[in-house]
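One letter stands for each residue in the lines below.
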Amino acid sequence: MRIALRTAISGAVVAATVLAGGTAHATPPGPGVTGKLIYQTTVGDTDYVLREVTVPPGQATGWHYHDGPVYGYVKQGTLTHYHADCAVDGVYPEGTSLREPGGPSDVHLGRNLGDTTLVLEVLYVLPHGAPFSEDVPNPGCPFQ
């Protein structure tokens, strides 16, 4: 499954011809957190969006959730992933993949606790017109 997901994401990156920049969406993302659009298409009522998200050392995505499932591949660095209970629910080193189910019950935060820039390839599967993420306040965790 991980190899198939990595192959699909990598294939989409290679096939992509549209490149655009922007800031990753979350409340509040740390300084220097960015997202670059790699590819986007709509099939029926679903948007498929591939982005490269970069998180500098010591920074975080901000607390958020997605309106649909999200699939990620850690291209560089290590992602430490937290859910709203403030507990680490996964540590994803370079070369690993993860899935976020989406919806308001999946509030989470991604942090780069390492000294290397974290680079994620992220495939969003969203209802047409939905934002990449829905910002939410910190659920009471002692970190942002």
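Everything here concerns the structure above.
Residues numbered from 1 in each chain as written. Predicted model: local features only at pLDDT ≥ 70, side-chain atom pairs only at ≥ 80, totals over all residues. Heavy atoms only, no water.

**Thoughts on the side chain of Asn112**
Keep this limit in mind: The helix count covers DSSP runs of H or I at least four residues long, the strand count covers runs of E at least two residues long, and both are numbered beginning at the N terminus. Nitrogen and oxygen atoms within 3.5 Å of one another constitute a polar contact, given that in protein one can donate a hydrogen and the other can accept it, and given that sequence-neighbouring residues count only through two side-chain atoms. Only heavy atoms enter the contact rule, under which two residues are in contact if any of them lie within 4.5 Å.
For Asn112, the location among the structural elements is in the loop between β9 (108–111) and β10 (118–127). A distance of 3.0 Å separates a polar atom in the side chain of Asn112 from the backbone nitrogen of Gly114. When near neighbours in sequence (up to four residues on either side) are disregarded, Asn112 contacts Val55, Pro56, Pro57, Gly58, Gln59, Thr78, Thr117 and Leu118.

**Looking at the packing of aromatic side chains**
Heads up, the rule is: Think of it this way: a Phe, Tyr or Trp ring, Trp meaning its six-membered ring, pairs with another when their centres are within 6.5 Å, and the plane angle makes it stacked under 30 degrees, edge-to-face over 60, tilted otherwise. With a 1.4 Å probe rolled over the protein chains alone, any residue whose accessible area is under 20% of its type maximum counts as buried; one over 50% counts as exposed, and the rest are partly exposed. Each ring is checked for a lysine NZ or an arginine CZ that lies within 6 Å of its centre and within 35 degrees of its normal; such an atom marks a charge sitting over the ring.
For the structure on display, the rule yields three aromatic pairs. For the pair Tyr82 and Phe143, a centre-to-centre distance of 4.6 Å together with 50° between the ring planes defines the contact as tilted. One end of the pair, Tyr82, is in strand β6 (residues 78–83); the other, Phe143, is in the segment after β11 (134–135), with 61 residues separating them in the sequence. Here Tyr82 falls in the buried class, since its relative accessible area comes to 6%. Where Tyr124 meets Phe132, the ring centres are 5.2 Å apart and the plane angle is 45°; that geometry is what we call tilted. One exposure class covers both Tyr124 and Phe132, and it is buried. When the ring centre of Phe132 is taken as reference, the NZ or CZ atom of Arg51 above it lies at 4.1 Å.

**What about the nonpolar core?**
Note the cut-off: The definition of a nonpolar core used throughout is a set of buried Ala, Val, Leu, Ile, Met, Phe, Trp, Tyr and Cys residues joined through side-chain atoms within 4.5 Å.
Val53, Val74, Leu79, Leu118, Leu120, Val122 and Tyr124 are the most contacted members of the largest nonpolar core, which has 16 residues in total. By residue number, the principal contributor to this core is β10, which donates five residues. Counting nine residues, the second-largest nonpolar core is a separate cluster that includes Ala60, Trp63, Val136 and Phe143.

**Some details on the pairing of β9**
Just so we agree on the cut-off: A pair of strands is considered paired only if DSSP assigns at least 2 bridges between the two.
Here β9 shows two buried faces, one formed by His108 and Gly110 and the other by Leu109 and Arg111. Where β6 and β9 come together, four bridges link them in antiparallel fashion. From the neighbouring strand, Thr80 faces β9, where its bridge partner is Arg111.

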